[in-house]
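One letter stands for each residue in the lines below.
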Amino acid sequence: MRLKLAVPSLALLPFLLASCTAIEPDDYRKVISMERDDFRVLQLTDIHWSLSTNIPRQKEYMDILVEHSDPDLIVITGDALFTATKNIATMLYDYIDSLGIPYAVVYGNHDMQGMWSSSWMDQNIVRENAAFSIVQDDVDGRTNWVIDIERDGETVWQVFGIDSNSYMADGLLYQYDYIQESQVQWFQGMAEEGVPSIGFLHIPLWEYAYAYQEDPDGIIGELREPDSATPGLVDEVGEVPFYPSSVHSSFFDAAREAGMRGIFGGHDHSNDWVGMYEGVALGYGVKCGRELYYGVSEEGYDLTGAALYTLGIDESLQITHMYLDNTTLEFTNEVTVEVAR
Amino acid sequence: MSTFWNNNGQWALRHALWILYVLVSPLVFLGSYHFIGDLLDFSHFGFLLPPYIGYVVLPIYLLVVLYLLAFPGERTNLRNLHLIHGAVLAGLGAFLIVLVSSYILSGFYWSPVMGTVNDIFPIDLIVYGALAMLLGGFLLAQPLLPGSDLSSWKRKQRGRGFWPLLAGGIFYSLIALYLLGALFSGVDFANWFSEAFLLMFPSYFMMLLATLLLVPIIYRDEVLGGRPTRKGSLAIKIVPGILVGVGLVLLITTNLLEPNLYVMAGKPYFPIDFEGSLNVAPVVLSLFPVLALAFILVRNWRTPSKDGEETQKE
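Residues numbered from 1 in each chain as written. Chains lettered and ligands numbered in written order. Predicted model: local features only at pLDDT ≥ 70, side-chain atom pairs only at ≥ 80, totals over all residues. Heavy atoms only, no water.

A. Quick peek at the pairing of strand β11 (residues 274-277) of chain A. All names here are of chain A. As defined by bridge partners, β11 adjoins strand β12 (residues 280-284) across 4 bridges and the pair is classed as antiparallel. When the bridges of β12 are listed, Val274 appears paired with Gly283. Taking the residues between adjacent antiparallel strands as the criterion, β11 and β12 are bridged by 2 residues, where Glu278 takes a positive phi near 50°. (Pairing = 2+ DSSP bridges. Helix = DSSP H or I, 4+ residues; strand = E, 2+ residues; numbered from the N terminus.)

Right, dumping it as structure tokens:
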């Protein structure tokens, strides 16, 4: 996390000392072995547990998704909580950890909007099965991590988590923050040359809109959010059904140059669309459960469930969107696409 | 009990009012969290109705009742006031208990100790309901007990603007209670050693000040009967003026130094800002103490020439 202030104070001493600690690249890096010919990453996004959540019900909902997809890794892409308490936040990550599957978390813009401190939440999300660490150094964002997927001692895929941060004040308004330059440089330092990768974040990139402009249909999913006019972006593409960062980050360029195959986020609950831009798949997972708000597909089923990314030993990448009804707990649809190389 | 209430009831209520104000503030903050979380479409209103009643409606109503009883008007029928509000308070408590019990029995609340809001939720709501019933029953019983005589209770002439002022006071108190509750609750969720902790101090001060400014208002109007001495009148204007002035300068300075102050350290205190993407925290923190100060200055516009001889008309 970047030090933004320069207020000399004894109270800040522990923090200042902590920030001087040298961070080794391996603090960010975890390794998971690929035990079969593919590696399955389940993305749960915008879970949004709050004070009104029926927690046993939502656990049952996620149990079905996990059992159905049999993942090797679970990635939670932000907004797992919303105006909740420490008790609820503890229940959520107790549950995630209890699944016994390696998991990783990137924060969304709402994850600190509850009755806890950020340092408490950092500790709460890192449990026994966490495949990531919270590293506090000069890199912006709290949840930047990389997981190397190894086969026979060789890295065959990399899975990145990039903290898209939350808000930035703009007078009396808050705009969505963006992936800062320090994170882009961090990513460039962690990406292994010639190794395919996928990345997870929360707030969409501007390139999502560029992909939409080139091909509104995309390769999978739907766009059910109303149009928005993000300042700056609106001059380039007009009003589009995305709510991206307010500043154009250079992360996409770095990701494309590093050979990243896909970047997947959350944030816009009613969207589960994925498009292609300059050879990279860009889009959303499927909102997990009905909490807060959710979209309904053109065919009438809820756009709720999860996304599964199947990373092949042959560098193939499959995206599966599975839709699970929150009331009946029955699957309403499942779609799989192969991402072109 | 009745003799005790005849002689000491008003004194007890006046002191209980302040203690209760402080005690219920974290509940009001907690209740507001429920409200904000459901603000988008109120689709969970039924599920959240018991917390709304237990954490917000009951405490606020109780404060209003205590205020009306502690500072009765000249023509207030204290007997009826006890009877009506005692019955309503007990009824609200009973309703809360029945509501929570039915939710638990029907499975709508999946356990008697869901443990979501706190470790014993929703049992805590049943406890609050029981306390409201007890207190309501106590108030209800007082005028009915033999020997009940509330004629010695101090009264004050109410101006014509009393009820609008009371309504305004309730609205102001809701905000002030939220801010005070946030401040107290923040002991648990402040980032004590974060870079922004010191910069949050003026915000914490303003959160406290919103409540502190109620003290001179109530003291002047209700304890001094609207007739402060010359020194008292000056103090009532100058001390809050200095506090608000210093607080405002520090608040503005810290927000200018770090425009993202509340993004870094204020999200738990002001969740509605981040739900609506509106940076209203500095506005609320400035506006409410300024409003209270303006009210104080208007009420004390004219300073008595000698102690107690000349006072502003009510």
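B. Broad picture of the sheet that holds strand β4 (residues 103-106) of chain A. Residues and elements named next belong to chain A. Reading across from one edge, β4-β3-β2-β13-β14-β15 is the order of the 6 strands in this open sheet, with mixed pairing throughout. The sheet terminates laterally at β4 and β15 (331-338), the two strands that pair on one side only. Looking at each pair of strands side by side, their axes are set apart by 20° on average, direction ignored. For strand β13 (residues 305-312) and strand β14 (residues 317-324), the ladder comprises 7 bridges, and the chain directions are antiparallel. When the sheet's bridge partners are listed, Tyr309 is paired in β14 with Ile319. (Axes fitted to C-alpha atoms, helices over the stretch in contact; angles between N-to-C directions.)

C. Broad picture of empty space enclosed by the protein. All chains considered together, the criterion is met by 4 cavities of 30 Å³ or more. Estimated volume of the largest cavity: approximately 70 Å³. Residue lining of the largest cavity: A:His48, A:Ser50, A:Ser52, A:Phe82, A:Glu291, A:Leu292, B:Gly37, B:Asp38, B:Leu40, B:Asp41, B:Ser43 and B:His44, and that is the complete set. The residue inventory of the lining of the largest cavity, partitioned by class, reads 3 nonpolar, 6 polar and 3 charged. Looking at the second largest cavity, its volume works out to about 50 Å³. Lining the second largest cavity we find B:Phe189, B:Ala190, B:Asn191, B:Ser194, B:Phe197, B:Met200, B:Tyr204, B:Ala265 and B:Tyr269. Residue composition of the lining of the second largest cavity, grouped by class: 7 nonpolar, 2 polar and no charged. (1 Å grid on protein atoms, 1.4 Å probe; cavity = no way out; pocket = protein on both sides within 12 Å on 5 of 7 lines; lining within 4 Å. Points joined across faces, edges and corners; volume = space filled by probe spheres on them. Nonpolar A, V, L, I, M, F, W, Y, C, P; charged D, E, K, R; others polar.)

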